[in-house]
Amino acid sequence: MTKSPVRKIVIAGNWKMYKTQAESLEFLRGFLPSLDETPQDREVVLCVPFTDLNVLSKSLHGSRVQLGAQNVHWEEFGAYTGEISGPMLSEIGVRYVIVGHSERRQYFGETDYTVNLRLKAAQRFGLTPILCVGETKQQRDKLETESLIANQLEKNLVDVDQENLVIAYEPIWAIGTGDTCESKEANRIIGFIRSKLSNPDVPIQYGGSVKPNNIDEIMAQSEIDGVLVGGASLEPESFARIANYK
Ligand code: PGA
C-alpha cells in the first residue's frame with residue numbers, strides 16, 4: 001500500500017494549554033536540532049497557546065517548522081472578549097489553525113455551525129484550518145461512527161474551500177487515553193472521510209494517543225497523511241521521533 005504522492009504529509013503538535021514562553025523556547029532548543037535530517041516530504045507544525053505564538057514566530061524563522069494556533073474567531077475584529085481573529089494570527093506568521101477540536105466542542109460549546117464559521121474565516125484570512133472530527137466511545141459502540149462523521153463533515157464543510165484544508169480524524173475515546181485506534185481501523189475511517197470530500201487530495205491526519213512507539217505503523221497506512229499529536233508533542237525527543245517517522 002503506497003500513499004498518494006500528491007497529498008501533503010502534515011505532522012502537527014497540539015500543545016493545548018501547556019507551556020509558558022520560557023518553556024516553549026526550552027522545547028525548541030531540544031527539538032530543532034533533531035530535525036536536521038528530517039525528510040522534506042513532510043510539513044512539521046506546532047500549534048501552541050496564543051501567548052507563545054509571537055516568541056515562537058521569531059524563533060522558528062528560517063526553520064522548517066510552521067506555526068499553528070488552536071482556534072480562530074469568524075469576525076475580523078469586534079467585541080468578542082476572549083477570542084482571537086484571523087488577521088491577528090496571520091500578521092505574526094501563523095499558517096495553520098486547529099478548528100473544532102473535540103475539547104472545544106465538549107467544554108466550550110463549539111457547534112457544527114460555529115466550526116463552519118471558523119473554518120471559513122481561517123481561509124479568508126490566509127490560514128490553513130485543521131478540522132477535527134471523530135466519535136465518542138458510546139457512538140462507536142452503537143455503530144454510529146460513520147453516520148456521525150458524515151454528519152459532521154456535511155455541516156462543517158458548507159462553503160469551505162477544500163483546496164486549503166487539513167482534516168484530522170480524532171476518535172474522542174483515543175485522545176489522551178493511551179488507547180490508540182488500531183491503525184487499520186483509523187485507515188478505514190480516513191478512507192471513509194475521503195470518500196465524502198469533493199477534493200480527494202485533502203490531507204487527512206489521525207489523532208489520538210500517537211506516540212513514538214506507534215507512529216511508524218500509523219504512517220505506513222495508505223490513507224493516513226499525517227498525525228495530530230497532543231501529549232507526545234510536549235517533549236522534544238518524542239515529538240522529534242514522531243516527525244522523523246520511518
Ligand atoms: P493526544 O491528543 O495525542 O494526547 O491523545 C491528541 C489531540 O487532542 O489532538
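One can find the structure itself at the top, above this paragraph.
Residues numbered from 1 in each chain as written. Predicted model: local features only at pLDDT ≥ 70, side-chain atom pairs only at ≥ 80, totals over all residues. Heavy atoms only, no water.

Engineer: Honestly, the site of the ligand in this entry has me stumped. Any pointers?
Structural biologist: Taken together, 13 residues sit near the ligand, with Lys16, His101, Glu170, Gly176 and Ser209 positioned nearest. Within the backbone of glycine 230, an N or O atom sits 2.8 Å from an oxygen atom of the ligand. Coverage of the ligand by the protein amounts to 97% of the 280 Å² it exposes when considered alone. Per-class residue counts for the shell around the ligand are four nonpolar, seven polar and two charged. (Near = heavy atom within 4 Å. Polar contact = N/O pair within 3.5 Å; in protein donor to acceptor, adjacent residues only side chain to side chain. Areas by Shrake-Rupley, 256 points an atom, 1.4 Å probe, with all protein chains shown as cover. Nonpolar A, V, L, I, M, F, W, Y, C, P; charged D, E, K, R; others polar.)

Engineer: How should the sheet that holds strand β5 (residues 128-133) be read in this particular structure?
Structural biologist: Strand order in the closed barrel made by the eight strands is β1-β2-β3-β4-β5-β6-β7-β8, with parallel pairing throughout. On average, each strand axis in the sheet is tilted by 25° relative to the strand beside it, whichever way the strands run. Here strand β1 (residues 9-14) runs beside strand β8 (residues 226-229); their pairing, made up of four bridges, is parallel. Bridge pairing in β8 links glycine 13 to valine 229. (Pairing = 2+ DSSP bridges. Helix = DSSP H or I, 4+ residues; strand = E, 2+ residues; numbered from the N terminus. Axes fitted to C-alpha atoms, helices over the stretch in contact; angles between N-to-C directions.)

Engineer: What's the story with the pattern of salt bridges in this structure? I'm lost.
Structural biologist: Close approach of charged atoms allows side chains with opposite charge to pair. A full pass over the atoms with the stated rule returns 18 salt bridges. In this structure, arginine 42 and aspartate 41 form a salt bridge, with 2.7 Å as the shortest nitrogen-oxygen distance. Look at arginine 42 and you get buried, because its relative accessible area is 7%. Overall, aspartate 41 belongs to the partly exposed group, its relative accessible area being 43%. In this structure, aspartate 112 engages arginine 105 in a salt bridge whose closest nitrogen and oxygen atoms are separated by 2.9 Å. (Salt bridge = Lys/Arg side-chain N within 4 Å of Asp/Glu carboxyl O. Buried < 20%, exposed > 50% of the residue type's maximum accessible area, 1.4 Å probe, protein only.)

Engineer: Looking at this model, I keep getting lost on the pairing of strand β2 (residues 42-47). Mind explaining?
Structural biologist: Put simply, side chains in a regular strand alternate between the two faces of the sheet. Most of β2 is tucked away, with six of its six residues classed as buried. Going residue by residue along β2, you find Arg42, Val44 and Leu46 tucked away on one face and Glu43, Val45 and Cys47 tucked away on the opposite face as well. Sheet topology places β1 next to β2; six bridges connect them, and they run parallel. Its bridge partner being in β2, glycine 13 is matched across the sheet by leucine 46.

Engineer: Help me understand helix α1 (residues 21-31), please; the structure alone is not making it clear to me.
Structural biologist: For an α-helix, 3.6 residues make a turn, and residues three or four places apart therefore share a direction. For α1, the set of buried residues is Ser24, Phe27, Leu28 and Phe31. Looking straight down α1, one finds its buried side chains confined to an arc of 100°; they lie on one side. In α1, the exposed positions angled more than 90 degrees off the buried face are occupied by Ala22 and Arg29. Taken together, the buried residues of α1 touch β2, α2 (50-59), β3 (65-69) and α10 (236-243). (Arc of directions from axis to C-beta. Contact = heavy atoms within 4.5 Å.)

Engineer: Quick question: what am I supposed to make of the packing of α1 against α10 here?
Structural biologist: Helix-helix packing: each pair is described by the crossing angle between the helix axes and the interaxial distance. Following both chains from N to C, one finds α1 and α10 inclined at 50°, their axes separated by 9 Å at the closest point. The orientation of α1 relative to α10 falls into the category oblique. α10 is crossed by α1, and the crossing has right-handed handedness. Taking contact as the criterion, the partners of Phe27, Gly30 and Phe31 in α1 are, on α10, Pro236, Phe239 and Ala240. Here the residues of the contact of α1 with α10 are counted per class, giving five nonpolar, one polar and no charged. (Parallel < 35°, antiparallel > 145°, perpendicular 65-115°, else oblique. Left-handed = near helix turned anticlockwise from the far one by under 90°.)

Engineer: Honestly, the nonpolar core in this entry has me stumped. Any pointers?
Structural biologist: Note on soluble globular proteins: their nonpolar side chains tend to be buried together. The biggest cluster of nonpolar side chains holds 62 residues, and the ones touching the most others in it are Ile167 and Tyr206. The greatest single-element share of this core, amounting to five residues, is contributed by helix α8 (residues 183-195). (Core = buried A, V, L, I, M, F, W, Y, C linked by side-chain atoms within 4.5 Å.)

Engineer: How should I be thinking about the side chain of arginine 42 in this particular structure?
Structural biologist: You can see arginine 42 is positioned in strand β2. Engagement of the side chain of arginine 42 in a polar contact is seen with the side chain of aspartate 41, the distance being 2.7 Å. Of the polar contacts made by the side chain of arginine 42, one reaches the backbone oxygen of tyrosine 245; its length is 2.8 Å.

Engineer: In this structure, what is going on with unusual backbone geometry? I would like to understand it.
Structural biologist: A negative phi holds for most residues other than glycine; trans holds for most peptide bonds. Not every positive phi belongs to a glycine, and lysine 19 is a case in point at roughly 85°. Backbone geometry places aspartate 159, a non-glycine residue, at a positive phi of 60°. With respect to the helices and strands, the residue aspartate 159 is situated in the loop between α7 (145-156) and β6 (166-169). Relative accessible area serves as the criterion here: at 66%, aspartate 159 is assigned to the exposed category.

Engineer: Would you take a moment to explain the packing of aromatic side chains for this structure?
Structural biologist: Counted under the stated rule, the structure contains five aromatic pairs. In textbook terms, an aromatic cluster arises when at least three aromatic residues are bridged by ring pairs, as seen for Trp15, Phe27, Phe31 and Phe239. Between lysine 19 and the ring centre of tryptophan 15, over which it is positioned, the NZ or CZ distance is 5.3 Å. Directly above the aromatic system of tyrosine 245 lies the positively charged group of arginine 42, at a separation of 3.8 Å from the ring centroid. (Phe/Tyr/Trp six-rings, centres within 6.5 Å; stacked < 30°, edge-to-face > 60°. Lys NZ or Arg CZ within 6 Å of the ring centre and 35° of its normal.)

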